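Here is how the chains run, residue by residue.
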Amino acid sequence: MKKTTTRLADGRELIYYDRRDDAVRDAVDHRPLDPVATASEIRRDPLLGDSVAIASHRQGRTYLPPADECPLCPSREGRLSEIPDSDYDVAVFENRFPSLSGDTGRCEVVCFTSDHDKSFADLTEDQARLVLDAWTDRTAELSQLPSVEQVYCFENRGKEIGVTLGHPHGQIYGYPSVTPRTELMLRSLEQHREATGGRNLFDDTIAAELADGSRIVMDTAHWTAFVPYAAHWPYEVHLYPKRRVPDLLGLDEEARSEFPEVYLELLRRFDRIFGENEPATPYISGWHQAPFSSELRREFALHLELFTIRRTAGKLKFLAGSESGMSAFINDVPPEAAAQRLRAVASV
C-alpha cells in the first residue's frame, strides 16, 4: 500500500491509498473554496448522561446530487470534485460538513472506489483489503489526536438509511469521548468479569454462539459471524476475529488476509436475502473498537456489526414509539430464522 497525503483548496487533509507503489498523486485542487467554518458543539444531557453534537452548519451539505455532479467522483475537465485526481483506488478526506471538529473530534469521508456505480459488495478482494488497510491507518493516525478518544469506521448504504451521496463511501468518526453504546458494553464487560471470577464477556458470548450453532452465519479459520441472541434489527450480523484484539491495529496478517473474502460474502448475502427483484439492501456496517484510555481496553473485543432496517421484501422497520421513545427494541424476525436465511443464500 502506498499512502500519499495532500491538501484540498480550503486546507482540509486528503489521503490517497494506492495498491501500486509507483502511483503518483500530484493533482492540485483548483476550486475557489473558502476556509471551512464549523460550529460543532457538544452538549451533555443532564437526565440521560449522554452527549449530543450540535452542528448547524450541516444543514447546507450536499443532498443526493445527480451522478454527473457527484463530489466523490474523480475530477475531470469542467467539473472539479473533492478528489482532484482523475482516478483513485481509495481516498480519505476531512469532511467538509463535519459533525465533529477541532476540540470536539474529527470526521472523515472514505471513498471505497472511484467507480460511482459500484457498491462495497462489488469490490474485488484486493480492493476490500486496501479499504481495511486504510481504516487501520486512519485509526492509528486519529489515535494520536488529543481530541479523539474512540474511532468508529462505518458505512451507511441506501436512501432508506439516510445516505445523502450515492457514491460508494463510508465515514470515520473520531469521538472526543466514549460513545453511549460502548459505555454499555464496557459496563456489561466489567459486571460479567466480577460475576464470573474474571471471565471475558466477549469470549463467553462467542463460545456460547458456537456451542449453540443455530445463529452462526459463517465460521472460518480466523473469523466468526453470527446473528446475536437478542438481535435488535431484523437481519443483524456480528463479525469477530478468532483472536480477541481491542481494535483494527491488533489484527494479525492471517485475519487481515481472510477478512475481504468473509466480509464480501456477508454483504453479498445481504443483497440476496430479499430476492433478486428487490433493490439493493440498505444497511449500516461499523467497526466497534476499544476506547484508547479505557481501563478495560485489553478486555474489549474488536468486532463489526452489520444490520439492515428492511424486515421483509418491500417493508422497512421504522423506529417508532417503543424504540425511538424508550430505546426498547421489538424485533419481528427471530434471530435463528435470520441466521438460517443468511446461510441459505450463501454463494455456491
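Located above this text is the structure these notes cover.
Figured I'd write up the structure that's included with this text.

**Some thoughts on the environment of S51**
By secondary structure assignment, the location of S51 is in strand β4 (residues 51-54). On the basis of relative accessible area, S51 is assigned to the partly exposed category, the value being 35%. With residues up to four places along the chain from it excluded, the contact list for S51 reads I42, R43 and R44.

**A few points about the side chain of N95**
As for its position among the elements, N95 is in the loop between β5 (90-94) and β6 (106-111). Since its relative accessible area comes to 14%, N95 is described here as buried. Polar contacts involving the side chain of N95 include one to the main-chain amide nitrogen of F97, which spans 2.7 Å. Not counting residues within four places of it along the chain, the set of residues in contact with N95 comprises R12, R58, C107, E108, V109 and Q171.

**Topic: the side chain of Q127**
Structurally, Q127 is set in helix α1 (residues 125-142). Among the residues examined, Q127 registers a relative accessible area of 15% and is labelled buried. Those residues in contact with Q127, other than ones at most four positions away along the chain, are R19, T113 and K118.

What counts and what doesn't
- Residues numbered from 1 in each chain as written.
- Predicted model: local features only at pLDDT ≥ 70, side-chain atom pairs only at ≥ 80, totals over all residues.
- Heavy atoms only, no water.
- Helix = DSSP H or I, 4+ residues; strand = E, 2+ residues; numbered from the N terminus.
- Buried < 20%, exposed > 50% of the residue type's maximum accessible area, 1.4 Å probe, protein only.
- Contact = heavy atoms within 4.5 Å.
- Polar contact = N/O pair within 3.5 Å; in protein donor to acceptor, adjacent residues only side chain to side chain.

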